[in-house]
Amino acid sequence: MSKVKVAINGYGTIGKRVADAVFLQDDMEVIGISKTKPNFEARTAVLKGFPVYVPESSMDAFKKAGLPVAGTIEEMVKKADIVVDCTPGKIGITNKELYEKVGVKAIWQGGESKDVCSLSFNAEANYDQAYGADYARVVSCNTTGLCRAIYPLDQKYGVEKVRVTIVRRAGDPGDIKTGPVDALVLDPVKLPSHHGPDVKTIMPHINITSAAIKAPTTFMHLHVLNIKLKKECTVDDIKKLFVSRPRIKLISDGISSTAEIIEFGRDLGRSRNDMWESCVFKDSISIDDGELYFFQAIHQESDVIPENIDAIRAMTKLEKDNLKSIEKTNKALRKIGMDF
Ligand SMILES: NC(=O)C1=CN([C@@H]2O[C@H](COP(=O)(O)OP(=O)(O)OC[C@H]3O[C@@H](n4cnc5c(N)ncnc54)[C@H](OP(=O)(O)O)[C@@H]3O)[C@@H](O)[C@H]2O)C=CC1
Ligand SMILES: O=C(OP(=O)(O)O)[C@H](O)COP(=O)(O)O
């Protein structure tokens, strides 16, 4: 069977990881990536052997930098079965006209408004809806982490309401422009943050409210969750449920911070210290007055990567069963770092 041809439009934090993850799968291939600036990331793409496509206006700059260009972004899009748009938030929607004109399937990221297309995606919660779809949006990193926890809880015990406070990392480690460096910023001041409404784009029946604060850290986001379930259960039941999920890991062994999780990722030999699983602090799981509480850490740079791979599989009809796709993706990712 021929491999699905994937183009990655935008090769930054998310795009470069999606490219590497597609490269690891045996049923899809990277036919090109796009960059606008001839910087170190463009150089790495060339060194990795990915054909680099650029806007017409960037051709000269790439030539001057001695970076080979395979063609324009439009030419790349025309060669693809599906485009994963990893351009910065709010830029992705401006590419929709091109995708429509060419007639190519497209996946956007969580920085785009939910209105970029009619389908928001999470591999565990609504893979079936994406089967054969032309367009989808993989929800943001925090929303993905919330869906992974809420979906199984809702399936098993029924969720009456979710209240979550999110401590957001201010910027990614390679981001030299974003702050704050010494403040906690209400993000936004007026509740809810976008995360609760975004969860509802996938599970409309969930009663959820979210608040978010930006903190001067780069490693991970941290969620403080409080969930009222419809059926009674014990702390051990929740631990067993989370252990059974393919993209949740219980974190223990003395770890009590996001910094130590990232150090653990380094020790595991994970590519770029990526922790693509939701990291639930095992000993934080508690039940008080009939309500569930726990902390989870979300590695913003990597948790949406496997979701993009599963979205490609669903939309191009490579696999009908979401659990089979999830397992295939997870297995391929284990080639770039130990499981635990
Ligand atoms: N970073 C994160 O933690 C997460 C991000 N997301 C979402 O993923 C999306 C991408 O974010 P992220 O990877 O962080 O962004 P980055 O800024 O790291 O990367 C964006 C990439 O897009 C390229 N680019 C910029 N403008 C254009 C354009 N007009 N056409 C084509 N390419 C362009 C940039 O190339 P160049 O530098 O050459 O201009 C760069 O390679 C956003 O929607 C974001 O909200 C989702 C989850 C987590
Ligand atoms: O998807 C993310 O966060 P979000 O789930 O809070 O929107 C990423 O961390 C990107 O966030 P940014 O908009 O601060 O770059």
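Residues numbered from 1 in each chain as written. Chains lettered and ligands numbered in written order. Predicted model: local features only at pLDDT ≥ 70, side-chain atom pairs only at ≥ 80, totals over all residues.

## A short note on the overall build of the chain
A count of helical and extended segments in the chain gives twelve helices and 16 strands. The globule rule puts the C-alpha radius of gyration for 340 residues at 20 Å, and the 20 Å found for the chain is close to it. Dimensions of the chain, computed from C-alpha atoms along their principal axes, come out at roughly 65 × 45 × 40 Å. Expressed as a percentage of the 340 residues in the chain, the buried residues total 45%. A sequence separation of at least 24 residues applies to 67% of the contacts in the chain between residues at least 6 apart. (Helix = DSSP H or I, 4+ residues; strand = E, 2+ residues; numbered from the N terminus. Rg over C-alpha atoms; globule rule 2.2 N^0.38 Å. Buried ≥ 20, exposed ≤ 12 C-beta atoms within 10 Å, placed from the backbone. Contact = placed C-beta atoms within 7 Å.)

## Topic: the UniProt feature "binding site: NAD(+)" (unreviewed entry) in the chain
Per the UniProt entry, the sites bearing "binding site: NAD(+)" (unreviewed entry) are T13, I14, G111, R169 and Q300 in this numbering. Residue position: T13 is located in helix α1 (residues 13-24). Mapped onto the elements, G111 comes out in the loop between β6 (105-108) and β7 (120-121). Among residues more than four places away in sequence, those in contact with G111 are P88, G89, K90 and S140. (UniProt positions renumbered as here; feature names shortened; annotations may be inferred.)

## Concerning the site of ligand 2
Around ligand 2, the structure places G89, G110, G111, S140, C141, N142, T143, R168 and Q300. A total of three residues in the shell around ligand 2 trace back to one element, the largest contributor, which is helix α7 (residues 141-157). Its residues placed into classes, the shell around ligand 2 shows one nonpolar, seven polar and one charged. Mapped onto the domain boundaries, the shell around ligand 2 takes at least three residues apiece from domain 1 (4-139 + 304-336) and domain 2 (141-298). (Near = placed C-beta within 6 Å. Nonpolar A, V, L, I, M, F, W, Y, C, P; charged D, E, K, R; others polar. Domains from an automatic or database assignment.)

## With respect to the UniProt feature "active site" (unreviewed entry) in the chain
The positions UniProt marks with the feature "active site" (unreviewed entry) are C141. For C141, the location among the structural elements is in helix α7. Look past the residues within four positions of C141 in its chain and what remains in contact with it is G110, H221, I298, Q300, D303 and V304.

## Describing the domain arrangement of the chain
What the domain assignment reports for the chain is domain 1 (4-139 + 304-336) and domain 2 (141-298). Computed from C-alpha atoms alone, the centre-to-centre distance between domain 1 and domain 2 is 25 Å. On the domain 2 side, the residues contacting the 20 residues of domain 1 number 17 residues. A total of four residues in the side of domain 1 that touches domain 2 trace back to one element, the largest contributor, which is helix α12 (residues 322-333). Split into classes, the residues belonging to the side of domain 1 that touches domain 2 amount to eight nonpolar, six polar and six charged.

## Thoughts on the site of ligand 1
Surrounding ligand 1, one finds 26 residues, the nearest of these being G10, G12, Q109, G111 and Q300. Examining the composition of the shell around ligand 1, we find that three residues originate from one element, α1, more than from any other. In terms of residue class, the shell around ligand 1 is made up of seven nonpolar, 14 polar and five charged.

## As for the sheet that holds β6
Strand order in the open sheet formed by eight strands is β4-β3-β2-β1-β5-β6-β8-β7, and the pairing between neighbours is parallel. The two strands at the open ends of the sheet, each matched to only one other strand, are β4 (71-72) and β7. The pairing of strand β5 (residues 82-85) with β6 spans three bridges and is classified as parallel. The residue bridging V83 from the neighbouring strand is A106, located in β6. In the packing of α1 onto the sheet, the strands contacted are β1 (4-9), β2 (28-34) and β5, and the crossing angle to β2 comes to about 155°. (Pairing = 2+ DSSP bridges. Axes fitted to C-alpha atoms, helices over the stretch in contact; angles between N-to-C directions.)

## Structural notes on the pairing of strand β9 (residues 159-169)
By the bridge criterion, eight bridges tie β9 to strand β12 (residues 221-229) in an arrangement that is antiparallel. Bridging across to β12, K161 finds its partner in K228. Bridge count between β9 and strand β11 (residues 208-215): eight bridges; the pairing is parallel. Bridge pairing in β11 places R169 opposite A215.

## Concerning the nonpolar core
Counting residues in hydrophobic clusters, the biggest one holds 89 residues, and the most contacted among them are V6, I8 and I150. For this core, the element with the most residues is α7, which contributes seven residues. Both domains that meet at this core, namely domain 1 (4-139 + 304-336) and domain 2 (141-298), each give it at least three residues. Beyond its immediate sequence surroundings of up to four residues, I8 is in contact with G15, V18, A19, V30, I33, V84 and C86. (Core = buried A, V, L, I, M, F, W, Y, C linked by C-beta atoms within 7 Å.)

## Describing the packing of α1 against helix α11 (residues 305-315)
Their axes nearest at 9 Å, the elements α1 and α11 cross at an angle of 55°. It follows from the interaxial angle that α1 and α11 lie oblique. Here α1 and α11 pass one another in a crossing that is right-handed. Between α1, through R17, V18, A21 and V22, and α11, the contact on the second element is made entirely by I305, P306, N308 and I309. Among the residues making up the contact of α1 with α11, the classes are represented as six nonpolar, one polar and one charged. (Parallel < 35°, antiparallel > 145°, perpendicular 65-115°, else oblique. Left-handed = near helix turned anticlockwise from the far one by under 90°.)

## Section: helix α6 (residues 123-130)
Buried within α6 we find A123, E124, A125, Y127 and A130. Within two residues after α6, G132 carries a phi angle of roughly 80°, on the positive side.

## Points about the pairing of β11
Side chains I208, S210, A212 and K214 of β11 all project onto a buried face; the interleaved residues T209, A211, I213 and A215 project onto a face where none is buried. Sheet topology note: the strand β10 (residues 185-186)/β11 ladder contains two bridges and is antiparallel. Each residue of the ladder has a partner; that of L186, found in β11, is I213.

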